[in-house]
Every structure is written in structure tokens, then in C-alpha cells.
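For reference, the chains in residue letters:
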Amino acid sequence: GAVVSQHPSWVICKSGTSVKIECRSLDFQATTMFWYRQFPKQSLMLMATSNEGSKATYEQGVEKDKFLINHASLTLSTLTVTSAHPEDSSFYICSARPTGGAGRTDTQYFGPGTRLTVL
Amino acid sequence: KQEVTQIPAALSVPEGENLVLNCSFTDSAIYNLQWFRQDPGKGLTSLLLIQSSQREQTSGRLNASLDKSSGRSTLYIAASQPGDSATYLCAVTPNQAGTALIFGKGTTLSVSS
């Protein structure tokens, strides 16, 4: 139980285009989801906290107009990288904390990640 | 600001050795601490979660300890195998369950046969 999926698992796009990444909790509801970014040989860094039905909270240094987050339902959050550039190439991972359904409410469950390469 | 440090950054051992990975954190006011495994290009696999009130957790050949007052945790791997080769990440949840995790940079383990 408590499975989180991400789609796509990898994507290659041209510079200047936008890319949408989906994060779904498959067997539980989550009012809060988190988006992390991981550069090569670095750790995961929190980008933003996604709140169902309200605006996301962004970490310092993360451009909210570039990384658009929508959490329209209790099982889905999306991250859209707008006008992507090569420096946005990274591994993006989401996590979700159950507020109903499977899993422990004191634990975050991670998606498998999305590898973004911007040419 | 909470910071998580992992030592060593990389470790190479022959198969069969017992080994210890270290994690330290600067603020002892944590909710829990988790150890994850990450294979190259892949997501995270949760290995062990220790609540702030606990001292250790065990799963198979893995044992994680937590000394909250000193801001330290260790992950002990017994009888290492080549399949244990991966990056091991330590992460703390700050003072309540709903907050994001703060990760260390990881220890990359290589076990040779």
C-alpha cells in the first residue's frame, strides 16, 4: 500500500518549451505533496510544498512563475516547468503524506522520479 | 536551520564486511529520521524509519540507531553483498509530521565480490 506514481519517468525537451510532470497517490489521499529536485551527485532539495485546493509554498530561490504547481485533487499534483532551459535538467521527485487511505499518516511516500533533460 | 551531514561520501568494501554509515544533524528537535536507498537514476526506497522517541530499528541485515541528543544516527549493514551497492540517504523530518524532509548528500557504497 501507499504507492506514489510519477509520469513521465523521463522526458527530453527543447529549450524554451514547457514540460508537465504528474505525481499521483494511487491508494491514499494526500492534502500535502512535496516536490524535490536532485542534481547529479547532490542530495534532494525541496522546491515547494503543494497544498490541495490552495497555492503552493515555494522555497527560497525557486521561481514560482517558472515552476507552476497545481494540486487540484487529493490524489494529483502537477509540476510544470515553463520555458525550460538546460540548467533545469535534473531529477524531479515528489512525495505525499497520507491523510486517508493506505499508509501511515506520519510518513511520506516517494514517487520514482522524473528525469528531465533540456536540450 | 537544520542541516544533515553524511560521512563518508563514498565507501568501497569487499563482500562480507560489516560497515557503518554515519549521519549527523544540527537541530535535535526532529520528528523522525529515515534511511533511504537510491540506485543510480532511480527513486528512493525507504529502508528504516526511526521515531524521535526510539533508539533503533532493525530490518534484516540493516540496523539503524538514533541518538537525538547528540544529533547522530548510524546505519549498520551486516555481511555486505554486491547487491547492497547504492547511495544511502539519511533524512530528518523536522518537528512535525507534515513538513518536508531534509536530506543529507548521501554515502555511495560499492561492495565488490
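Everything that follows concerns the structure shown earlier in this document.
Residues numbered from 1 in each chain as written. Chains lettered and ligands numbered in written order. Predicted model: local features only at pLDDT ≥ 70, side-chain atom pairs only at ≥ 80, totals over all residues. Heavy atoms only, no water.

All names here are of chain B. On the basis of which strands lie adjacent, the open sheet formed by five strands has the order β1-β3-β8-β7-β6 and antiparallel pairing. Bordering the open sheet on either side are β1 (4–7) and β6 (56–59), each of which pairs with just one other strand. This sheet shows a mean twist of 15 degrees between the axes of neighbouring strands, independent of strand direction. As defined by bridge partners, strand β7 (residues 62–67) adjoins strand β8 (residues 72–77) across six bridges and the pair is classed as antiparallel. Bridged to S65 within β8 is T74. (Pairing = 2+ DSSP bridges. Helix = DSSP H or I, 4+ residues; strand = E, 2+ residues; numbered from the N terminus. Axes fitted to C-alpha atoms, helices over the stretch in contact; angles between N-to-C directions.)

We now examine the interface of chain A and chain B. Where interface size is quoted, it is often the accessible area lost as the parts come together. Contacts between the two partners involve 19 residues from chain A and, on the opposite side, 19 residues from chain B. With both sides pooled, the region where chain A packs onto chain B buries about 1,400 Å², and carbon together with sulfur makes up 55% of that total. Interface area lost by chain A to chain B is led by A:S43, A:D106 and A:F110, which between them contribute 31%. Linking chain A with chain B are zero salt bridges, by the criterion used here. For the side of chain A that touches chain B, the elements supplying multiple residues, two or more each, are β5 (32–38), β6 (44–51) and β10 (90–97) of chain A. Tallied by class, residues from the side of chain A that touches chain B come to eight nonpolar, seven polar and four charged. (Contact = heavy atoms within 4.5 Å. Buried area = accessible area lost by both parts, 1.4 Å probe. Salt bridge = Lys/Arg side-chain N within 4 Å of Asp/Glu carboxyl O. Nonpolar A, V, L, I, M, F, W, Y, C, P; charged D, E, K, R; others polar.)

Residue and element names in this part refer to chain A. With antiparallel pairing, four strands are arranged side by side in an open sheet as β1-β3-β9-β8. Across the chains shown, the open sheet's two edge strands, defined by having one partner strand only, are β1 (4–7) and β8 (67–73). With strand direction ignored, the average angle separating the axes of adjacent strands in the sheet is 15 degrees. Examined bridge by bridge, strand β3 (residues 19–25) and strand β9 (residues 76–81) share six bridges and lie antiparallel to one another. The residue bridging R24 from the neighbouring strand is L76, located in β9.

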